[in-house]
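# Structure assessment
Chain by chain, the residues run as shown.
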Amino acid sequence: MKKLVLALLLLVSTSAMASKDVPEMSIKNGYVEPFQMFDNVYYVGDRWVSSYAVETAKGLVLIDTLDFPYSMWIPINLKKLGLQDKAITHILVTHGHSDHIGGAQFLQSEYDAKVVMTQKGYELAVAQANKSSGKNTFLPPKVDFFVQDSSSLIVGEDEFKFYLTPGHTEGDYSIDLMVKDNGTSHRAFVVGGHSINARDPKLAKQFFESMDRVREIALQPPVVSVNLSNHPHKNNLFANREKRNADGSNNPFISESNFFSFLDQQEALAKEKLSEAQQRNKSESSQ
């Protein structure tokens with residue numbers, strides 16, 4: 001009986017979400033027009049948080065889902081790209097913060113998609129959902145596949161490899177995949193948590209260990225040359241879009257040096273944050 005009541009509540013909540021007005025698709029709200037990055041990869045995120053649709057022979061694999069209700073833009077973006085007849089088969093959520101998980105349950109209900117995340121990521125998602133309020137209220141999705149380290153998912157002919165890379169949160173995982181540009185394959189990587197949690201010593205230590213591991217994995221041939229960062233300012237996404245529009249002969253999203261510079265930059269920023277946190281703690285303890 002309890003299960004039936006819970007199911008009914010979830011159904012009512014989902015219907016209520018779906019009936020909400022779609023947020024205004026404006027610059028003020030962070031909306032950006034979707035665009036194609038590779039033969040099989042499309043950007044469907046907003047100005048602040050990335051969401052990528054990877055086209056496979058079986059349908060679309062979505063990486064991260066934006067905050068709710070801005071995730072309601074994703075089906076509209078797919079239609080703008082001519083992908084409305086492609087079902088989202090899987091939703092890969094890199095960690096449990098609301099700006100990455102917020103739209104997962106809504107999109108899962110729309111497409112009957114399978115959600116993939118870590119157990120720790122899901123626990124954080126539940127906590128974030130419980131704290132969500134107002135127009136940003138969301139429910140955690142049903143997780144169909146809990147990521148284990150070095151596990152993988154095969155969709156059609158495409159393989160998505162997963163690595164646990166905690167440090168931003170306990171439940172971060174990174175994604176290793178192949179993308180195609182004019183038929184030529186390139187190795188791409190999504191670093192699931194690329195900024196440090198300086199307030200937690202355990203997570204801070206894990207962050208640097210994870211970044212070292214990502215670098216080691218990325219250097220294995222074929223070397224990673226595409227940075228699918230889960231925040232667009234971290235991989236110069238919009239600047240590279242403009243470059244590509246100006247010069248269609250070269251794809252600026254392909255750059256080994258840019259990916260490894262990104263890793264170096266994130267480590268440098270992490271060290272700064274850690275130093276600031278340590279100084280702050282020292283100052284507070286001396287008072």
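All of these numbers come straight from a predicted model, not from anything done at the bench.

Rules used throughout
Note on numbering: residues in each chain are counted from 1, in written sequence order. Confidence filtering applies because this is a predicted model: local features only for residues at pLDDT of at least 70, side-chain atom pairs given and counted only at 80 or more, and all residues used for totals across whole chains, interfaces and linings. Heavy atoms from the whole structure form the basis of all side-chain values; hydrogens and water molecules are not counted. The secondary structure listing takes helices from DSSP runs of H or I that are at least 4 residues long and strands from runs of E that are at least 2 residues long, numbered from the N terminus. For this measure, only C-alpha atoms enter the radius of gyration; the expected value for a globule follows 2.2 Å times N^0.38, where N is the number of residues. Residue contacts follow a heavy-atom distance rule, with two residues in contact if any of their heavy atoms lie within 4.5 Å. All accessibility values rest on the Shrake-Rupley procedure with a 1.4 Å probe; residue burial counts only the protein chains present in the view. Charge assignment in this entry is limited to Lys and Arg as positive and Asp and Glu as negative, and neither His nor the chain termini are counted. One atom stands in for each charge, and that atom is NZ of Lys, CZ of Arg, CG of Asp or CD of Glu. Here, a salt bridge means any side-chain nitrogen of Lys or Arg that lies within 4 Å of a carboxyl oxygen of Asp or Glu. Working definition: with a 1.4 Å probe on protein chains only, accessible area under 20% of the residue-type maximum means buried, over 50% means exposed, and in between means partly exposed. A pair of strands counts as paired when DSSP detects no fewer than two bridges linking them. Note on geometry: axes are C-alpha line fits, over the in-contact stretch for helices, and angles between N-to-C directions span 0 to 180 degrees.

Time to look at the overall build of the protein chain. Across its full length, the protein chain holds eight helices and twelve strands. Whereas a compact globule of 287 residues would reach a radius of gyration of roughly 19 Å, the protein chain reaches 19 Å, a difference of no more than 12%. Principal-axis analysis of the C-alpha atoms gives the protein chain an extent of 55 × 50 × 40 Å. Taking all contacts inside the protein chain whose residues are at least 6 apart in sequence as the whole, residues at least 24 apart take part in 67%. Counting every atom, the protein chain has about 13,900 Å² of accessible surface; 52% of that belongs to carbon and sulfur. Of note, the protein chain has its 30 positive side-chain charges centred 4 Å away from the centre of its 34 negative side-chain charges.

To continue, consider the pattern of salt bridges. The full count for this structure, using the stated rule, is 13 salt bridges. Put simply, D149 and R213 hold a salt bridge, and the shortest N to O gap is 2.9 Å. One end of the pair, D149, is in the loop between β7 (143-146) and β8 (152-155); the other, R213, is in helix α6 (residues 201-218), with 64 residues separating them in the sequence. By relative accessible area, R213 is classed as partly exposed at 24%.

We now examine the sheet that holds β8. One open sheet accounts for five strands, arranged β8-β9-β10-β11-β12; its pairing is mixed. Two strands in the sheet have a free side with no partner beyond their single neighbour: β8 and β12 (226-227). Sheet topology note: the strand β10 (residues 173-181)/strand β11 (residues 184-190) ladder contains seven bridges and is antiparallel. Paired with D176 across the strands is F189, a residue of β11. Strands in contact with α6 are β9 (158-164), β10 and β11; relative to β11, the strand with the most contacts, it is inclined by about 170 degrees.

All right, on to the pairing of β10 then. Most of β10 sits out of view: seven of its nine residues are buried. Two elements, β9 and β10, share four bridges in a ladder whose sense is antiparallel. From the neighbouring strand, L164 faces β10, where its bridge partner is Y173. Between the antiparallel neighbours β10 and β11 lie two residues, among them N182 with a positive phi of about 50 degrees.

What follows is about the sheet that holds strand β2 (residues 41-43). With respect to topology, seven strands assemble into an open sheet ordered β1-β2-β3-β4-β5-β6-β7, the strand pairing being mixed. Because the sheet does not close on itself, it has two edges, and the strands there are β1 (35-38) and β7. Averaged over all neighbouring strand pairs, the angle between strand axes comes to 25 degrees, with direction disregarded. Pairing analysis gives four bridges linking strand β4 (residues 59-63) to strand β5 (residues 88-92), with the strands arranged parallel. Bridged to L60 within β5 is I88. Against the sheet, helix α5 (residues 119-131) engages β6 (114-117) and β7, with an angle of about 105 degrees to β6.

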